Amino acid sequence: MVKKNACIFISGKGSNLKNLINRSRDYSFPISIKLVVSNKKKALGVLHAKKNFIPYLIINTKSQNFENYLLQDLKKRNISIICLAGYMKILSKKFLRNFGKKVINIHPSLLPKFKGLNTFSKILKHKEKKTGCTVHFVDEKLDNGKIISQRFFFIDPSDNEETLRQKTQKLEYSVFPESIIKIFQNY
Ligand code: GRF
């Protein structure tokens, strides 16, 4: 199969990146990761790029020109999809329009519930019965855009923010790759 070139954006730990790198080794997985972009120089996830010899780019989102510079790089590498995996910045409408290809994001809640930050504390505060994760297409609004896949689990009374995070991330490691497969089958 001819794989599509993908770029993964991160800001932190990069455990989803690590999982996608592992999955993309599979011959039948539809993407090959050609670039990792981080807005944080010290993001732990950058180490996964280094270890796996994947080119990476540290961007300074405060610099005026970073979007144009990034767009040129993505074009040069023929990137067909951007996966936001814990990237903590909003991509501008202009960037999304100029990229013009698929951009997806993973969020640790059952969207449209609990957009934005501090997801797990909000979930506990609202005494939700279940929670999970969502992969969706990205538009210019935060955690918005058409939903591709979701998965949930029931919250236990003993759960706290940390256990919710762990349980949610476990689901993310299957939902994110499955969504990528779904996208290239259906869209
Ligand atoms: C994930 O939980 C994702 O849902 C959220 O940020 C987290 C990133 O974790 N958007 P990691 O850096 O992939 O470990």
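Residues numbered from 1 in each chain as written. Predicted model: local features only at pLDDT ≥ 70, side-chain atom pairs only at ≥ 80, totals over all residues. Heavy atoms only, no water.

A.B. asks: Help me understand the site of the ligand in this model?
C.D. replies: Residues in close proximity to the ligand include Lys 13, Gly 14, Ser 15, Asn 16, Gly 86, Ile 106, His 107, Pro 108, Gln 169 and Glu 172, which together make up its full environment. One of the backbone N or O atoms of Ile 106 is found 2.9 Å from a nitrogen atom in the ligand. Residue Glu 172 places a side-chain N or O atom 2.4 Å away from an oxygen atom belonging to the ligand. Computed on the free molecule, the ligand has an accessible area of 360 Å², of which 85% lies beneath the protein chains in the complex. Mapped by element, the contributors of at least two residues to the shell around the ligand are helix H1 (15-24), strand S5 (102-107) and helix H6 (161-186). Its residues assigned to classes, the shell around the ligand shows two nonpolar, six polar and two charged. Two domains each donate at least three residues to the shell around the ligand, and these are domain 1 (1-100) and domain 2 (108-133 + 150-187). (Near = heavy atom within 4 Å. Polar contact = N/O pair within 3.5 Å; in protein donor to acceptor, adjacent residues only side chain to side chain. Areas by Shrake-Rupley, 256 points an atom, 1.4 Å probe, with all protein chains shown as cover. Helix = DSSP H or I, 4+ residues; strand = E, 2+ residues; numbered from the N terminus. Nonpolar A, V, L, I, M, F, W, Y, C, P; charged D, E, K, R; others polar. Domains from an automatic or database assignment.)

A.B. asks: What is the right way to look at the domain arrangement of the protein chain in this model?
C.D. replies: Interfaces are often sized by the amount of accessible area the parts lose when they come together. Domain annotation of the protein chain identifies domain 1 (1-100) and domain 2 (108-133 + 150-187). Computed over C-alpha atoms only, the centres of domain 1 and domain 2 are separated by 22 Å. The partner domain 2 presents ten residues to the 15 residues of domain 1 that form the contact. Across the interface of domain 1 and domain 2, roughly 1,100 Å² is buried in total on both sides, 74% from carbon and sulfur atoms. Taken together, the links from domain 1 to domain 2 amount to zero salt bridges. Of all the elements in the fold, those that place two or more residues in the side of domain 1 that touches domain 2 are H1 and strand S4 (79-84). Broken down by element, the residue count for the side of domain 1 that touches domain 2 peaks at five residues, all from H1. Partitioned by chemical class, the residues of the side of domain 1 that touches domain 2 number nine nonpolar, three polar and three charged. (Contact = heavy atoms within 4.5 Å. Buried area = accessible area lost by both parts, 1.4 Å probe. Salt bridge = Lys/Arg side-chain N within 4 Å of Asp/Glu carboxyl O.)

A.B. asks: Can you help me understand the pairing of strand S6 (residues 130-137) in this one?
C.D. replies: In summary, the side chains of a regular strand alternate between the two faces of the sheet. Counting buried positions over the eight residues of S6 gives seven, a clear majority of the element. As paired strands, S5 and S6 are joined by four bridges and run antiparallel to one another. Opposite Ile 106, over in S6, you have Val 135 as the bridge partner. (Buried < 20%, exposed > 50% of the residue type's maximum accessible area, 1.4 Å probe, protein only. Pairing = 2+ DSSP bridges.)

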